[in-house]
Structures are given as C-alpha cells and as structure tokens.
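Notes for the structure review
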Amino acid sequence: MLVLVAPGQGAQTPGFLSPWLDLPGVPELLARWSAAIDLDLVHYGTEADAEAIRDTAVAQPLLVAAGLISAGALFDEPDSDIPRLVGAAAGHSVGELTATALTGVLSEETALTVVRRRGLAMAEAAAVTETGMSAVLGGDPEEVVAHLEKLGLTPANMNGSGQIVAAGTMEQLAALAEDRPEKTKVMPLKVAGAFHTHHMAPAVSKLAELVPGLKVSDPHTRYVSNKDGQPVADGAEIVRRLVDQVSSPVRWDLCSETFQQLGVTAMIEVCPAGTLTGLARRGMPGVKRLAVKTPDDIDAARELIAEHGTGQSPVTEPVDGSTAE
C-alpha cells in the first residue's frame, strides 16, 4: 500500500521551488494562485532568503503550493489516479492542508486560501509573545514529556522515532537548552512561533470564521488525521480538526502507527521532502521511502507508484475498531 504525505513548516529552504518552474504549466498555475491569495509564490519560492521564508505568513502557503505542484507532477490524472493508487494520505501540521486538497476535501485554491489566512493568523498570534520550537532527539518519551512540562513547555509535536518537538517562550526554550532531558539532544527549529500550543488560541478563532463559507467534500482517499492518527471520512469533521489543530499537538507518531496497521509498503513525501521520510526510516523499517525534492525525482516516484499503488480499502474503515468520524 502506498502512502502520500506532505511536510510541515521548517522544511522550506531558499530557492527550493526554482526547478519546478521548468515544468509545463507550473509558472501559470503559480501566478494564478499568487493572485488568488495576494502572495508572490514565485518570488518567495525562488528568490527570497531564509529569513523571508521563515515568516509564518509566507512559509505556510509556500509549502502547500509546493506540495500540490509536486504531487500533481507524479500522476497523469491526479483526481482519478490518487483515489485509485494511493491507500492513505496525511500531512504534518500545515501539511494537512496539502492533504485536504490531495484527497478532495478542499479544492487546491480553497486550500491555499485557508492556509494563507492560517499563516497570517498564526503569525499575528506569534507576535504577541516571543516564542519558538525545538526538537528533542532521543531519550525516554515519558521522561522527555515530564521534563518539558516541568519547564512550562508543551510537547507540541509527538513525531515518534525518538523525536518530540517542544514549544514555548524563548526563555523556556533557553532553559531547555541548558537543562536537557537525559540522553537527548536539543535542536532549535526554523519556525517563528510556538505552534500547536495555547499561544495560538487567537488564530483558532480567526480560522473558525472561514469555515461556514467553505465548499467541503468527503475525502475520496483515506485521510489520516494529526489529532489522533485515525482515518476521518467526513469532510466537515476534517475541516473542524484543521481549525482545532492550530493550538493542539500534532500526533505524527499515531499517524505512523496507523500507516503500519493499514499495511503500508511505500511512502512518498511531496516537496519540500525529507523530514517525514527521515522519520519513517527510523520508525517504519522495511517500508520503501522516496522524498520528492526536485523534478529529477519524478521518474523514481512514478516507478514506486507503479509498484505499490493499488486499489484502496474504504475510507470509512476504522483501523483499530474505533469509529472513524
């Protein structure tokens, strides 16, 4: 079974969108999306420096656009091929917006409109207090979580494979750097706020205002949620979860467990790839992985799709006997 995944914020690097503009139709598509969301995706994806694309309001739409462009290049007819060949799809944090478009919950332009508002709202919330995030690598997960809570930090991303992301004020993160949990390393992340914590509560209410006006469909491909790692078959419920997710932890560890329970044999991560396939290398041994970084990776991805893409089981099927809402 093939799983299609989309990375979250921090995966972006300067110029990462440049090689994709050589594909037919991509410049025109990016120009249309840029006009729709009032953000020059081509400039930020090709010319802007690392500090400019670290801005949450820029990074999030840029990541979703890149994911959609790269995924579209992997399939001859994405709208029909993804339901036929992909067993499950998911995204990490903002990557969930990419996944909503890939699974047909939202149109591409609607997903970009939502992520633009999401990025602006989260950037505004992050400006209230100087906050950030750091990855804690290694250690016993229970001991790491207890240590973070002792310092007033939130375990915002439970990524599995020995990685937990802590979020909080810069003072709290500095304390973590000085007082690490036993047998761990701490690495600051390229993000501009304490995402998936109470610091983002103002962004939740602003994003919720968008929901009534959205055109939402049920997913045509199994959609695995960051909230609890479970497949969700109701489009309206997926959108509700996307709103709440802004201030609640990302449970990528549970998503990975679900992929394995479903029988995943291959994973493709869309551009700017590398983070999630890296986690899968440690957490899902035996699963073939491909990080789609540039158009040079398209042929290899298509070979993996041909080898592992098969008809999927129903999107409503629970993984562990629980209700897939």
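Residues numbered from 1 in each chain as written. Predicted model: local features only at pLDDT ≥ 70, side-chain atom pairs only at ≥ 80, totals over all residues. Heavy atoms only, no water.

**Some words on the sheet that holds strand 7 (residues 266-269)**
- Across the sheet, which stays open at both edges, the 4 strands sit in the order 2-1-7-8 with parallel pairing between neighbours. Whereas interior strands pair on both sides, the edge strands pair on one side only; in this sheet they are strand 2 (88-91) and strand 8 (288-291). Sheet twist, expressed as the mean angle between neighbouring strand axes with direction ignored, is 15°.
- In terms of strand pairing, strand 1 (residues 2-6) meets strand 2 through 4 bridges, oriented parallel. Looking at strand 2, one finds that Val5 is bridged to Ala90.
- Taken strand by strand, helix 12 (residues 252-262) contacts strand 1, strand 2 and strand 7, and its axis lies near 170° from that of strand 2.
- Each of strand 1, strand 7 and strand 8 is contacted by helix 13 (residues 275-283), which is oriented at about 155° to strand 7, the strand it contacts most. (Pairing = 2+ DSSP bridges. Helix = DSSP H or I, 4+ residues; strand = E, 2+ residues; numbered from the N terminus. Axes fitted to C-alpha atoms, helices over the stretch in contact; angles between N-to-C directions. Contact = heavy atoms within 4.5 Å.)

**Some remarks on the environment of Pro78**
- Within the secondary structure, Pro78 sits in helix 5 (residues 78-85).
- Pro78 gets classed as partly exposed once you look at its relative accessible area, which sits at 27%.
- Separated by 25 residues in the primary sequence, Pro78 and Thr103 have C-alpha atoms spaced 9.7 Å apart. (Buried < 20%, exposed > 50% of the residue type's maximum accessible area, 1.4 Å probe, protein only.)

**Some details on a negative patch on the surface**
- A contiguous patch of negative charge on the surface is contributed by Asp140, Glu142, Glu143 and Glu182.
- Its location among the elements puts Asp140 in the loop between strand 3 (131-138) and helix 8 (141-150). (Patch = residues over 30% accessible without salt bridge, like charges linked within 9 Å, V, L, I, M, F, W, Y side chains within 5 Å. Areas by Shrake-Rupley, 256 points an atom, 1.4 Å probe, with all protein chains shown as cover. Salt bridge = Lys/Arg side-chain N within 4 Å of Asp/Glu carboxyl O. Lys, Arg positive; Asp, Glu negative; His and termini not counted. Charge placed at Lys NZ, Arg CZ, Asp CG, Glu CD.)

**So, the pattern of salt bridges**
- Evaluated as defined, the whole model comprises 10 salt bridges.
- Two residues, Lys150 and Asp179, come together in a salt bridge whose shortest N-O distance is 3.9 Å. Pair noted here: Lys150 is in helix 8 and Asp179 is in the loop between helix 9 (170-178) and strand 6 (184-188), with a separation of 29 residues, a long-range link.
- Residue Arg241 pairs with Glu237 through a salt bridge whose shortest N-O separation is 3.0 Å. Note that Arg241 and Glu237 are positioned in helix 11 (residues 235-245) at a spacing of 4 residues, about one turn of the helix. Here Arg241 and Glu237 have matching classes, each one buried.
- Put simply, Asp228, Glu237, Arg240 and Arg241 are held in one network by salt bridges that share partners.

**Brief notes about the confidence of the model for the protein chain**
- Scored by pLDDT, the protein chain comes out at a mean of 93, with 95% of its residues at no less than 70.
- Counting contacts from residues 321-325, a segment whose pLDDT is below 50, to residues more than four positions away or on other chains yields 10 contacts. (pLDDT = per-residue confidence, 0-100.)

**Section: the nonpolar core**
- Counting 78 residues, the largest nonpolar core has Leu4, Trp33 and Ile268 as the members making the most contacts within it.
- Dropping the residues within four chain positions of it, Trp33 is found in contact with Leu41, Ala65, Leu68, Ile69, Glu108, Glu109 and Leu112.
- Met1, Ala88, Ala90 and Met267 belong to the second-largest nonpolar core, a separate cluster that totals 18 residues. (Core = buried A, V, L, I, M, F, W, Y, C linked by side-chain atoms within 4.5 Å.)

**What about the sheet that holds strand 4 (residues 154-160)?**
- A sheet is described by the order of its strands in space; here 4 strands give the open sequence 4-5-3-6, paired in antiparallel fashion. Sheet topology places strand 4 and strand 6 at the edges, where each strand pairs with a single neighbour. Neighbouring strand axes in the sheet, compared pairwise and without regard to direction, differ in orientation by 25° on average.
- Examined bridge by bridge, strand 3 and strand 6 share 5 bridges and lie antiparallel to one another. The residue of strand 6 that forms the bridge with Leu137 is Lys185.
- Where helix 8 meets the sheet, its contacts fall on strand 3, strand 4, strand 5 (163-169) and strand 6, and the angle it forms with strand 5 comes to roughly 5°.
- Sheet contacts for helix 9: strand 3, strand 5 and strand 6; angle to strand 5, the most-contacted strand, approximately 135°.

**Remarks on the packing of helix 10 (residues 201-208) against helix 11**
- At their nearest, the axes of helix 10 and helix 11 sit 8 Å apart, and the two run at 150° to each other. Looking at the two axes, helix 10 sits roughly antiparallel to helix 11. Packed against helix 10, whose contacting residues are Val204, Leu207 and Ala208, the element helix 11 presents Leu242, Val243 and Asp244 at the interface.
- Residue composition of the contact of helix 10 with helix 11, grouped by class: 5 nonpolar, no polar and 1 charged. (Parallel < 35°, antiparallel > 145°, perpendicular 65-115°, else oblique. Nonpolar A, V, L, I, M, F, W, Y, C, P; charged D, E, K, R; others polar.)

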